[in-house]
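Listed below are the residues making up each chain.
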Amino acid sequence: TDADDDIAALTNAASGVIAAYAEGDTSASAYGITAGSLSGSASLVNDGSIQAVAVNHFESSAYAYGISTGELTGTASIANNGKIMVGAFNSAQTGDDSAYAYGIQSYIVDAGTSITNAGVIRVQAAADQGSASAYGIRTNAMSGTIENSGTIDVAASSVAEAAYAYGIYAGGTDPYATSVAAAGSIVNTGTINGAVYAGANYFYNCFSGCGYLGSSNINVTNSGSIKTFAEADSYVSGNYTQQAGGSLGFVLRNVDDYGQLYVSGTADFTASNTVKLHVDPKAVFANGDVLNDIIYANTLTAHADGFAVSDDALFWNFQVTEDAYGFDVTVKAVDPDSVLASAGMTLTDSQSSLLSGLLSGQAPASFDPLLAALNGADSASEAAKIVESFGPALAGAAGYATRVAGAGASNAISARMGETRGAASGDAFTKNAVWIKPFLGMASQDDTNGLSGYDVDTTGFVIGIDGDLNDNTRVGVAVASAQSDLEGGGVNLDIDTTQFTLYGSYALGAATSLDVDLSYGANGYDSRRRVSFAGSTAVADYDGTQLALGAAFSHRIAMSDKAALVPSLSVRYSKVELDGYSETGAAPFNLTVADSDDDAILALAKAGYELTLNNKGVFLANLGLGYDTVDQASATATVTSVGQTFVANGIEPDSTLIVGGIGYRYVTAKNLEINAAYDLESRSDFLGQTVSVKFRLPF
């Protein structure tokens, strides 16, 4: 309809869709339904969908209206039972270039008329240089009734100016009144996410000189929920009554910017005293900040138990101080260590200091995504994942994954040295030989102490050659190549490993041997760390090395002409060194990580079993218990954008482990040996498995 046309009845049916879009450089206005006055018993009903979007790029403002009308008189009504979606966006960079968005806007709502919402109204306004104002329902003078039993969601933001988010805004001037109307009323039984402003009505008779007639107030009754954001305060010029089931919510951002309710008349909380405090995504506080007058009423009728105040803050405690008019809140900082400890995470001192500074505002605005993620965390476990993703990629996991990759080669060489002793297979195994062993490794580390676990898949091969130096000594050389893919906690880490090994076996007796090996490996790492709270990925390439030295003492005990038991004791020293690196791609959350190294000694006691099934085949099995001195790994990182350094700890592997395996060795008619094996390593919260097939040819 035309904006000047009065209507008697208009209904957008449940299947109806009304969509309006306006885009311009000097202004933009979009209207879903616009009409003149509604009088008598006229009605405007939306049972379907109304969408209105206005986008302005250069000068002036953007306006968007779902429903817009003139004055409501008589018993006229506006009702929304469907959906109204409205957005106004202004990217202009000069002047007062604002954005205004209205779900339902009516100029004046006279006594006897009404606006009701039983559906959904969602409104958003955003501007760069000008102000942004979002209204779910907006009127000037309001002597009738506004009722909400549905949902009203509003949001407003501005880069440079103020933003206002009102679920309902009523009150103002009626310039063409003939008398002072009675107080209007706002009744909420649904959900309003946005401030409720119920201002005074001021009446003038501009039919005759515009003389001032007087004023009346607006009362609010709430048995649903009303959440007041930091962008605009709630105000009631008349009385506020919170009925059974009703609740008030307030969003807190900082000591100067937080949601409030001011009641000019009487605030009655005798039927319900529920108040909820919410932390704004950009909230920063100093310990001891006082937020005055979260609720203030000139006359307060309190609940017998005062206010029942709860909050959703992890890193802040809000201490409530009640008085005869309402209550204030004193902010007390919670040590991040204690919060994350409940998720099993232990922070280093430098991590704790960094987090405390961030939460108290000691970080640039570019860190707002991290601040928002921490403030929005629903649990300590979720906060722990956020803290972890801000730190070095799975601190310590790279070194441990390197050991997993190296273990595939080490196990192959250990098995080869066992064969050179001639165990259960005759002199054929003491000849000079060349061999190759492809292997596939799979390792899984569970989440532990608030830190993400990971999976490591490794593929590779080992190729070697060995021969007799004399009757008691055999030596060999091997080279291994492996590629590992580590995934977990939003991290992908690719590792390319090349390892060189010298190995030998010395016969201490007919059934007793000493085996030794020395290996050196060069590794390349390709790291991708997903910074989920910022929607970016930090990437880095770096190198590293590994060194290992092992010795094993074994003794073969014949149980029969076909079976033997082979107990052994072994010890292995390993050291992994990682070069430092600098990330790119996730500013301002890129890290510069320092060089690191860690070493460990692994001692194993194993029992092997060999059973000759026929002249060509041998069944193999082993089971052992070990102890590993590996410590909890850590990484030292500097936040490149701000130059602050901290230390992050990784998962500490369990020192006790169980190893085991089974295999089958078969020798063909041409003396080609084929050995298939399955090996595993088990620790608390960790399981590593390797499948391999070795081919050996004597010469």
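In the block above lies the structure referred to throughout.
Residues numbered from 1 in each chain as written. Predicted model: local features only at pLDDT ≥ 70, side-chain atom pairs only at ≥ 80, totals over all residues. Heavy atoms only, no water.

1. So, the overall build of the protein
Phase 1: Counting secondary structure elements, the protein contains five helices and 48 strands.
Phase 2: The C-alpha radius of gyration computed for the protein amounts to 37 Å, which surpasses the reference 27 Å derived for 699 residues by more than 25%, pointing to a less compact arrangement than a globule.
Phase 3: When the backbone C-alpha atoms are referred to their principal axes, the protein occupies close to 125 × 50 × 45 Å.
Phase 4: A buried classification covers 50% of the 699 residues belonging to the protein. (Helix = DSSP H or I, 4+ residues; strand = E, 2+ residues; numbered from the N terminus. Rg over C-alpha atoms; globule rule 2.2 N^0.38 Å. Buried < 20%, exposed > 50% of the residue type's maximum accessible area, 1.4 Å probe, protein only.)

2. What to know about the sheet that holds strand E40 (residues 581–582)
Phase 1: Reading across the sheet, the four strands line up as E40-E41-E44-E45 and stay open at both edges, with antiparallel pairing between neighbours. Across the chains shown, the open sheet's two edge strands, defined by having one partner strand only, are E40 and strand E45 (644–649).
Phase 2: In this structure, E40 lies alongside strand E41 (residues 591–593), joined through two bridges in antiparallel fashion. Its bridge partner lying in E41, serine 582 is registered against threonine 592.
Phase 3: Seen against the sheet, helix H2 (residues 349–359) touches strand E44 (634–639) and E45 and runs at an angle of roughly 125 degrees to E45. (Pairing = 2+ DSSP bridges. Contact = heavy atoms within 4.5 Å. Axes fitted to C-alpha atoms, helices over the stretch in contact; angles between N-to-C directions.)

3. A word on the state of the cysteines
Phase 1: Evaluation of the coordinates by the stated rule reveals one disulfide.
Phase 2: A sulfur-sulfur separation of 2.1 Å characterises the disulfide bridge that pairs cysteine 206 with cysteine 210. Handedness of the cysteine 206-cysteine 210 disulfide follows from its S-S torsion of about 125 degrees: it is right-handed. (Disulfide = S-S within 2.5 Å.)

4. So, the packing of aromatic side chains
Phase 1: Taken as a whole, this structure holds 27 aromatic pairs when the rule is applied.
Phase 2: Seen from their ring centres, phenylalanine 533 and phenylalanine 589 are 5.1 Å apart, and the 85 degrees between their planes marks the pair as edge-to-face. Here phenylalanine 533 is found in the loop between strand E36 (512–531) and strand E37 (536–555), whereas its partner phenylalanine 589 is found in the loop between E40 and E41, with 56 residues between them in sequence.
Phase 3: We classify phenylalanine 533 as buried; its relative accessible area is 16%.
Phase 4: For phenylalanine 589, a relative accessible area of 1% corresponds to the buried category. (Phe/Tyr/Trp six-rings, centres within 6.5 Å; stacked < 30°, edge-to-face > 60°.)

5. Observations concerning the packing of helix H3 (residues 368–376) against helix H4 (residues 380–390)
Phase 1: Contact geometry of H3 with H4 gives a least axis separation of 8 Å together with a crossing angle of 160 degrees. In terms of axis orientation, H3 runs roughly antiparallel to H4. For the pair formed by H3 and H4, the contact residues are Leu370, Ala373, Leu374 and Gly376 on the first element and Glu382, Ala383, Ile386, Val387 and Phe390 on the second.
Phase 2: Across the contact of H3 with H4, the residue classes tally to seven nonpolar, one polar and one charged. (Parallel < 35°, antiparallel > 145°, perpendicular 65-115°, else oblique. Nonpolar A, V, L, I, M, F, W, Y, C, P; charged D, E, K, R; others polar.)

6. With respect to the packing of H2 against H3
Phase 1: Running from N to C, H2 and H3 point in directions that differ by 95 degrees, and their axes come no closer than 10 Å. By the angle between their directions, the pair H2 and H3 is classed as roughly perpendicular. For the pair H2 and H3, contact is made by Leu355, Leu358 and Leu359 and by Leu370, Leu371, Leu374 and Asn375, respectively.
Phase 2: Counted by class, the contact of H2 with H3 contains six nonpolar, one polar and no charged residues.

7. What about the side chain of threonine 690?
Phase 1: Within the secondary structure, threonine 690 sits in strand E48 (residues 686–698).
Phase 2: A relative accessible area of 16% places threonine 690 in the buried class.
Phase 3: In this structure, threonine 690 is in contact with Phe439, Leu440, Gly441, Ala677, Tyr678 and Asp679, ignoring residues within four places of it in sequence.

8. A few points about the pairing of strand E27 (residues 274–279)
Phase 1: As paired strands, strand E24 (residues 247–254) and E27 are joined by six bridges and run parallel to one another. Counted as the bridge partner of leucine 252 is valine 279 from E27.
Phase 2: Across four bridges, E27 lies against strand E29 (residues 308–311) in parallel orientation. Looking across to E29, one finds that valine 275 is bridged to valine 309.

9. Brief notes about the pairing of strand E47 (residues 673–683)
Phase 1: Looking at chain direction, strand E46 (residues 656–667) and E47 are connected through 10 bridges and run antiparallel. Each bridged residue has a counterpart across the sheet, and for glycine 660 the counterpart in E47 is leucine 680.
Phase 2: In this antiparallel pair of consecutive strands, E46 and E47, the connection spans five residues, and asparagine 671 shows a positive phi of 70 degrees.
Phase 3: Note: E47 against E48, 11 bridges, orientation antiparallel. Pairing of glutamate 673 across the sheet is with arginine 696, part of E48.
Phase 4: From the end of E47 to the start of E48, which pair antiparallel, there are two residues, and aspartate 685 there has a positive phi angle of about 70 degrees.

10. Remarks on the pattern of salt bridges
Phase 1: Per the counting criterion, the structure on display carries 17 salt bridges.
Phase 2: Put simply, glutamate 673 and lysine 694 hold a salt bridge, and the shortest N to O gap is 3.6 Å. A residue pair is termed long-range when its members are at least 10 positions apart, and glutamate 673 in strand E47 and lysine 694 in strand E48 qualify at 21 residues.
Phase 3: Accessibility expressed as a relative area gives 0% for glutamate 673, which makes it buried.
Phase 4: Given a relative accessible area of 1%, lysine 694 falls into the buried group.
Phase 5: For the salt bridge of glutamate 673 with arginine 696, the shortest nitrogen-to-oxygen distance reads 3.8 Å. A residue pair is termed long-range when its members are at least 10 positions apart, and glutamate 673 in strand E47 and arginine 696 in strand E48 qualify at 23 residues. (Salt bridge = Lys/Arg side-chain N within 4 Å of Asp/Glu carboxyl O.)

11. Observations regarding H3
Phase 1: Those residues of H3 not exposed but buried are Leu370, Leu371, Ala373, Leu374 and Asn375.
Phase 2: Turning to H3, the residues buried within the fold contact E27, strand E30 (316–322), H2 and H4.

12. Let's talk about the nonpolar core
Phase 1: Ranked by size, the top nonpolar core spans 136 residues in total, and within it Ile186 and Phe318 carry the most contacts.
Phase 2: When residues of this core are assigned to their parent elements, the largest contribution, six residues, is made by H4.
Phase 3: Other than its neighbours up to four places away in sequence, isoleucine 186 contacts Met142, Ile146, Ile168, Ala170, Val196, Ala198, Ile218, Asn219, Val220 and Thr221.
Phase 4: Residues Ile413, Phe439, Ala480 and Ala482 belong to the second largest nonpolar core, which totals eight residues. (Core = buried A, V, L, I, M, F, W, Y, C linked by side-chain atoms within 4.5 Å.)

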